[in-house]
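Below, each chain spelled out in residue letters.
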Amino acid sequence: MTARRILVVDDQPDLRLLIRLTLRSLGEVAQASSAEAALAQLAQAVPDLLILDVWLGEGISGLQLCRKLKDAPATAGMKIMLLSACGQQSDVAAGLAAGADHYMVKPFSPEALVEAAAGLLDG
C-alpha cells in the first residue's frame, strides 16, 4: 500500500508546521504557502487530501481554489478540508457550496483535526 499524501495550504508557517506534525501519522504531509504554490504542487501529484485555509492573503482565496479544483476533472475526486477562523453558518455553507468535503473552524484541537482528516482519507 502506498503512503497517503496530504497537502496543507496556509499562509501562516506556524500553523502549517502544527498541522504537518499533527497529521504525520496519517501519511506524507507536504506544505504550500499560497494557492499558486499549491497549484504548482498539484500539477506534479494530486494528494489524497488537501487541507486548505479559506483566507490565503494575496491572490486566489481558498474558496476560489476549492471551487476550481472541484471543477477540474483531474482533481474533482480529491478530498478537501477547509480551515477558517470564520465559523458562522453562512461561512460554513459557502465552504461546502464551493465543494469542500469538510469545514473546520479555527482554533481546533489536534484530536479533532486527526479525526476529521482520517475520516476523509478512509471515506
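Residues numbered from 1 in each chain as written. Predicted model: local features only at pLDDT ≥ 70, side-chain atom pairs only at ≥ 80, totals over all residues. Heavy atoms only, no water.

Enquirer: Before we go on, may I ask you to explain the UniProt feature "domain: Response regulatory" (unreviewed entry) in the protein in this structure?
Expert: In the numbering used here, UniProt assigns the "domain: Response regulatory" (unreviewed entry) feature to residues 5-121. Helix makes up 44% of residues 5-121 and strand 21%, whereas the separation of the span's terminal C-alpha atoms amounts to 9 Å. (UniProt positions renumbered as here; feature names shortened; annotations may be inferred. Helix = DSSP H or I, 4+ residues; strand = E, 2+ residues; numbered from the N terminus.)

Enquirer: Looking at this structure, I do not really get the pairing of strand 2 (residues 28-32). What am I missing?
Expert: Consecutive side chains of a regular strand alternate in pointing toward one face of the sheet and then the other. The pairing of strand 1 (residues 5-9) with strand 2 spans five bridges and is classified as parallel. Residue pairing in the sheet places Arg5 in a bridge with Glu28 of strand 2. As a crossover connection, the stretch from strand 1 through helix 1 (residues 13-23) into strand 2 is right-handed. (Pairing = 2+ DSSP bridges. Right-handed = clockwise from strand over helix to strand, strands pointing away.)

Enquirer: It is not clear to me how the side chain of Lys70 should be interpreted in this structure. Could you clarify?
Expert: Structurally, Lys70 is set in helix 3 (residues 62-71). Residue classification places Lys70 among the buried residues on the basis of a relative accessible area of 18%. Those residues in contact with Lys70 that sit more than four places away from it in its chain are Ala76, Met78, Lys79, Ile80, Ala98, Gly99 and Asp101. (Buried < 20%, exposed > 50% of the residue type's maximum accessible area, 1.4 Å probe, protein only. Contact = heavy atoms within 4.5 Å.)

Enquirer: How should I be thinking about unusual backbone geometry in this particular structure?
Expert: Working note: non-glycine residues mostly have negative phi, and peptide bonds are mostly trans. With an omega of -5°, the peptide bond between Lys106 and Pro107 qualifies as cis. By the element assignment, Pro107 lies in the loop between strand 5 (102-105) and helix 5 (110-122).

Enquirer: I would appreciate a short explanation of the UniProt feature "modified residue: 4-aspartylphosphate" (unreviewed entry) in the protein in the present structure.
Expert: Mapped onto this numbering, the UniProt entry gives "modified residue: 4-aspartylphosphate" (unreviewed entry) at Asp53. Looking at the element boundaries, Asp53 is found in strand 3 (residues 49-53). Residue contacts for Asp53: discarding those within four places in its chain leaves Val9, Asp10, Asp11, Gly62, Leu83, Ser84 and Lys106.

Enquirer: Before we go on, may I ask you to explain the pattern of salt bridges in this structure?
Expert: Once the charged atoms of two side chains with opposite charge are near each other, the side chains can pair. All chains considered together, the criterion is met by four salt bridges. In this structure, Lys106 and Asp10 form a salt bridge, with 3.3 Å as the shortest nitrogen-oxygen distance. Of this pair, Lys106 sits in the loop between strand 5 and helix 5 while Asp10 is found in the loop between strand 1 and helix 1, placing the two residues 96 residues apart along the sequence. Asp10 sits in the buried class, given a relative accessible area of 0%. Of the charged contacts, one joins Asp53 and Lys106 as a salt bridge, the two residues approaching to 3.1 Å between their closest N and O atoms. Of this pair, Asp53 sits in strand 3 while Lys106 sits in the loop between strand 5 and helix 5, and the two are 53 residues apart along the sequence. On the accessibility criterion, Asp53 (4% relative accessible area) is buried. Lys106 gets classed as buried once you look at its relative accessible area, which sits at 16%. Through salt bridges with shared partners, a single network forms among Asp10, Asp53 and Lys106. (Salt bridge = Lys/Arg side-chain N within 4 Å of Asp/Glu carboxyl O.)

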